[in-house]
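Architecture at a glance
Below, each chain spelled out in residue letters.
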Amino acid sequence: MLYLNLILIGISIGGVYALLGLGLVLIYRSSGVLNFAQTSMAMISTYVFWEVSRRAPFLTVWGALGAAVLFGAALGAGLYRTIFARLRNSPPLARLIASVGVAFILPALARVIWSGQSERGVRLPAPFGTKVLRLGFAAIQSEQLALAVVSVVVGIGLHQWMRRSVAGMALRAVAQNRQAAQMLGVPEAKISAIAWGIGGGLAALAGALYLPLQYLDPNQMATMLPAAFAAALLGGLVNIPMALAGGLALGAMESVFRGMHGVFPRLAPTIAALGIVAFLLARIDRFFVSPAELKAIEGEGAGR
Amino acid sequence: MRIPENGLSGEQVFERLRDLRRKDAETRGGRAWGLVYDSGLEEAREVAERAYVEFLGLNALDPTAFPSVLRLENEVVAMAIAHLGGGAGVVGNFTSGGTESCFLAVKTARDHARATRPEVARPEVILPITAHPAFHKACHYLGLTAVPTAVDPETFKADAGAVARAVSPSTIMIVGSAVSYAHGVLDPIAEMAAVARERGLWLHVDGCIGGFLLPYYRRLGRAVGDFDFTVEGVSSMSMDLHKYAYAPKGASVVLYRSKALRKYQLYACASWPGYPILNTTVQSTKPGGPIAAAWATLNFIGDEGYLRLARLTLEATERLIAGISGIPRLRVLGRTDTSLIAFASEDVNVFYIADEMKRRGWLIPPQPSFGPSPASLHLIVTASSLPQVDAFLADLRTCVEAAAGRGLRIDPALRDTLAALDPSSLTDEMLSRVVGAAGVEWDALEDSMADVNSILDSLPPQVREALLIAGGNELFTPAK
Ligand SMILES: Cc1ncc(COP(=O)(O)O)c(C=O)c1O
């Protein structure tokens, strides 16, 4: 029973990995950026969630959540427009380093703006509450359950959107063959900005739903980056259902490790990193992307 | 363990008690730099003890049955009000300690806000990060949200600008310290009061540890900013008597600007078949001993006596600051406004200094790093410290050298595991496993705390808290 419960709790954390991983996939697919700032974007959007929830109580916690998601989306789109669009034709390494830079700048910014709060951390209101629900075999907090459910719903919705909507198809077109898409008049910059916006919104959602279970400070979420990457990598950085499943499974696995005896609890934080290495060695991407597609995503400087 | 079938003799009882005391820290003689407050006045202690014993059995629950205790409380509170610049209209109560005083101030502010600002759904209390945990605890118990604000990274005084910026429509209260425990510094109370006045908020000034001493320091010629009821906008204050008034433990007061505010502190219940209850404070049955002992101490030592004790304290503090600053590798944090000294080191693990000093019979409580404040050692200087200063400084110098280069190498994997703990979803079982995996043996803590302190220091505060709770849960296991 303990393990069933651990798996259930793990899936909720896995939901966070999945939401972050989905954002990574969208961003990578549209602009070829491995976004190391994904968790920092989640963290700083959650500060916005907190500020809106307390300074505009009439909006309720849902209004604050909406505001945070909008902020995350604007942040994502803004980062793309100001930084990554300009690096569209730079080598992938340049884009990578730029994203690492942003990943450091955002926490520093949060530390300046919210000094004081950033030291003790902030306790946040939980949109779905922290009531303990008993589901026959297991107990879980309503917010944790919501995280798992929301991530699945968002993942499925995103998958459908990519397949059916015009924008989604355009995004796939850009990813598959940039030149051809351009020639067909697909507004690449706009599509990428949308993808970054969605990625930022998902990061905000992850932060604002998860951090009420923890606390908020500028270092938060950073340790989740490997797991988010592992989830995204499981989908070869492009496949949405696999990234979703990967995130959920990784969360469950970690949680089970934490609850076991011996060295396992200490290994738990390394599972994600091990997963990344294993996926890379297994060249998992080749199951999802053709060499031509990869070249399209990464740009001319890909050097592969 | 059961109640002994046949009672022990009085002699056996005391033998057992004395036996248990052997590992305890000294409470007198100035070798303990925390937890105890020693005036050094033998006679004052005897007077307090006698008063305590004489009022031991009295119950302040019913002031009509024991009017003496009511009178003592009202006299003690009156002296406290006069000491803190309170004019006509200021009222207060005697409580069991600083935590209860602070707790009641927060509860009173909350209930006042409920009555006057019912639209606030999630009330917030602004706490500069140096505010005492009693306020976080009160917020936790009372369902309020604590909003921490920054302090100046050099002086460690609350930043009034940060307080003003943190005010939201949900804010009901601001807390300032006079003085803060960790660094002994006085917050800019007048500026914080201006914010409180402008935004219509409750300002509590926590004078638990500094409130009694500050007026004497001012009379000794030290520059002391305004901090008490003379500052318009201060709604309530707390001041412990079991600290620098040297009363036996269990003695503090909480004061309010007016009865109209204090009203929200009181609690009455007549909805049961027993006696109608009126409680002024948290306790209901309330022992007479602490009130009588505090009253006796105040009256016995007297104003001139306290001024003399303050002079001794001030001199010891200044000599310690000079001495510590003169020891290579040590640095005093901030500039204390009273008699609390925090000092840190750039390159020596202070937790090992504390352990070394303990071996030489000095009790120095360590403080983990937090925000702009590095890990440090904390001295509560009292009137009985002065004769110990030179011996202390000499030992400190040796211990800094002895501790240099020592330190626990914390397994990074373990630290990451600990840091990644989700405090809310951890079961007790998992926590105790983690604590075990860290190699912490709770039984061995009496001898060496340096390793445990180093681990705690490396973790975020919320995880420190989860581990402390797990540890505390183990420590308090019924005796076999
Ligand atoms: C500033 C301050 N406030 C409150 C308290 C809490 O007092 P007590 O330990 O008596 O509950 C202390 C104790 O040191 C303190 O220093």
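Parameters and conventions
Residues numbered from 1 in each chain as written. Chains lettered and ligands numbered in written order. Predicted model: local features only at pLDDT ≥ 70, side-chain atom pairs only at ≥ 80, totals over all residues. Heavy atoms only, no water. Helix = DSSP H or I, 4+ residues; strand = E, 2+ residues; numbered from the N terminus. Rg over C-alpha atoms; globule rule 2.2 N^0.38 Å. Buried < 20%, exposed > 50% of the residue type's maximum accessible area, 1.4 Å probe, protein only. Contact = heavy atoms within 4.5 Å. Areas by Shrake-Rupley, 256 points an atom, 1.4 Å probe, with all protein chains shown as cover. Lys, Arg positive; Asp, Glu negative; His and termini not counted. Charge placed at Lys NZ, Arg CZ, Asp CG, Glu CD. Axes fitted to C-alpha atoms, helices over the stretch in contact; angles between N-to-C directions. Parallel < 35°, antiparallel > 145°, perpendicular 65-115°, else oblique. Left-handed = near helix turned anticlockwise from the far one by under 90°. Nonpolar A, V, L, I, M, F, W, Y, C, P; charged D, E, K, R; others polar. Near = heavy atom within 4 Å. Polar contact = N/O pair within 3.5 Å; in protein donor to acceptor, adjacent residues only side chain to side chain. Buried area = accessible area lost by both parts, 1.4 Å probe. Salt bridge = Lys/Arg side-chain N within 4 Å of Asp/Glu carboxyl O. pLDDT = per-residue confidence, 0-100. Patch = residues over 30% accessible without salt bridge, like charges linked within 9 Å, V, L, I, M, F, W, Y side chains within 5 Å. Pairing = 2+ DSSP bridges.

1. What to know about the overall build of chain B
- A tally of helices and strands in chain B yields 16 helices and 13 strands.
- Against the globule reference of 23 Å for 480 residues, chain B gives a C-alpha radius of gyration of 23 Å, in line with a compact fold.
- For chain B, the spread of C-alpha atoms along the principal axes amounts to about 60 × 60 × 55 Å.
- Buried residues in chain B amount to 53% of all 480 residues.
- In chain B, the proportion of contacts linking residues at least 24 apart, taken out of those at least 6 apart, comes to 74%.
- In the structure as shown, chain B presents an accessible area of about 21700 Å², 55% of it carried by carbon and sulfur atoms.
- Across chain B, the mean location of the 47 positive side-chain charges is 2 Å away from that of the 55 negative side-chain charges.

2. What about the packing of helix α11 (residues 350-359) of chain B against helix α12 (residues 389-403) of chain B?
All names here are of chain B.
- At their nearest, the axes of α11 and α12 sit 9 Å apart, and the two run at 125 degrees to each other. For the element pair α11 / α12, the angle class is oblique. Crossing angle aside, the handedness with which α11 passes α12 is right-handed. Across from Y352, I353, E356 and M357 in α11, the residues of α12 making contact are F392, D395, L396, C399, V400, A402 and A403.
- Among the residues making up the contact of α11 with α12, the classes are represented as nine nonpolar, no polar and two charged.

3. Description of the packing of α11(B) against helix α15 (residues 450-457) of chain B
Residue and element names in this part refer to chain B.
- In contact at an axis separation of 9 Å, α11 and α15 are set at 160 degrees when each is read in the N-to-C sense. The orientation of α11 relative to α15 falls into the category roughly antiparallel. As α11 runs across α15, the sense of the crossing is right-handed. Residues F351, Y352 and D355 of α11 lie in contact with α15, whose contacting residues are A450, D451, N453, S454 and D457.
- Looking at side-chain class alone, the contact of α11 with α15 contains three nonpolar, two polar and three charged residues.

4. Details of the site of the ligand
Residues and elements named next belong to chain B.
- If you check the shell around the ligand, you find G97, G98, T99, H132, V179, Y181, D206, C208, I209, D240, H242 and K243 and nothing else.
- Contact between the ligand and G98: an oxygen atom at 2.9 Å from a main-chain N or O atom of the residue.
- A distance of 3.0 Å separates an oxygen atom of the ligand from a polar side-chain atom of K243.
- Alone, the ligand offers 390 Å² of accessible surface; in the complex the protein occludes 84% of this.
- The residue inventory of the shell around the ligand, partitioned by class, reads four nonpolar, five polar and three charged.

5. Overview of the side chain of R464(B)
Residues and elements named next belong to chain B.
- If you trace the backbone, R464 turns up in helix α16 (residues 461-475).
- Here R464 falls in the buried class, since its relative accessible area comes to 11%.
- Of note is the side chain of R464, whose polar atom sits 3.4 Å from the backbone oxygen of D457.
- With sequence-adjacent residues up to four places away left out, R464 is seen in contact with P368, S369, F370, L456, D457 and L459.

6. Some remarks on the interface of chain A and chain B
- With 31 residues of chain A at the interface, the matching set in chain B holds 36 residues.
- Summed over both sides, the interface between chain A and chain B buries roughly 2900 Å², with carbon and sulfur atoms accounting for 51% of that surface.
- Per-residue buried area on chain A facing chain B is highest for R54(A), R120(A) and R266(A); these three make up 27% of the total on that side.
- Where chain A packs against chain B, one counts two salt bridges.
- R123(A) serves as the salt-bridge partner of E465(B), at 3.5 Å between the closest nitrogen and oxygen.
- Run the count over chain A and chain B and you get seven residue pairs in polar contact (both at pLDDT 80 or more).
- Elements supplying a minimum of two residues to the side of chain A that touches chain B: α1 (2-31), α2 (38-55), α5 (117-120), α11 (240-259) and α12 (264-267) of chain A.
- Split by residue class, the side of chain A that touches chain B holds 14 nonpolar, 10 polar and seven charged.

7. Digging into the confidence of the model for chain B
- The predicted model of chain B averages 91 in pLDDT, with 92% of residues at 70 or higher.
- Predicted complex metrics record ipTM = 0.76 and pTM = 0.87.

8. Some remarks on a nonpolar patch on the surface
- On the surface, L8(B), V13(B), F14(B), L17(B) and L20(B) cluster together to form a nonpolar patch covering roughly 470 Å² of accessible area.
- Turning to its location among the elements, L8(B) is positioned in the segment before α1 (10-21).

9. A closer look at the sheet that holds strand β11 (residues 340-345) of chain B
Residues and elements named next belong to chain B.
- Read from one edge to the other, the open sheet built from four strands follows the order β10-β11-β13-β12, with strand pairing classed as antiparallel. The open sheet has two edge strands with one neighbour each: β10 (330-332) and β12 (366-367).
- Against the sheet, helix α10 (residues 288-325) engages β10, β11 and β13 (376-380), with an angle of about 5 degrees to β11.

10. So, unusual backbone geometry
All names here are of chain B.
- Cis rather than trans, the peptide bond between A178 and V179 has omega equal to 10 degrees.
- The phi torsion at Y246 lies on the positive side, around 60 degrees, for a residue other than glycine.
- Among the structural elements, Y246 can be located in the loop between β6 (234-240) and β7 (252-256).
- A relative accessible area of 10% means that Y246 is categorised as buried.

11. Things to note about the sheet that holds strand β1 (residues 91-95) of chain B
Residues and elements named next belong to chain B.
- Spatial strand order, β1-β7-β6-β5-β4-β2-β3: seven strands in an open sheet with mixed pairing. Single-partner strands in this sheet number two, and they are β1 and β3 (145-149). Put simply, the sheet's adjacent strands are angled 20 degrees from each other on average, direction ignored.
- Pairing of strand β5 (residues 202-206) with β6 involves four bridges; the strand directions are parallel. Across the sheet, H204 pairs through a bridge with S236, a residue of β6.
- Helix-sheet contacts for helix α5 (residues 133-142) involve β2 (124-128), β3, β4 (171-177) and β5, and the interaxial angle to β2 is about 165 degrees.

12. Focus: the pattern of salt bridges
- For the coordinates displayed, the defined rule picks out 28 salt bridges over all chains.
- A salt bridge links D226(B) to R218(B), with the shortest nitrogen-to-oxygen separation between them at 3.7 Å.
- A relative accessible area of 48% means that D226(B) is categorised as partly exposed.
- When its relative accessible area of 33% is taken as the criterion, R218(B) is described as partly exposed.
- In this structure, D390(B) and R319(B) form a salt bridge, with 3.1 Å as the shortest nitrogen-oxygen distance. Here D390(B), found in helix α12, pairs with R319(B), found in helix α10; they are 71 residues apart in sequence, far enough to count as distant.
- Among the ionic contacts, a cluster of salt bridges with common partners joins E51(A), R54(A), R55(A) and E124(B).

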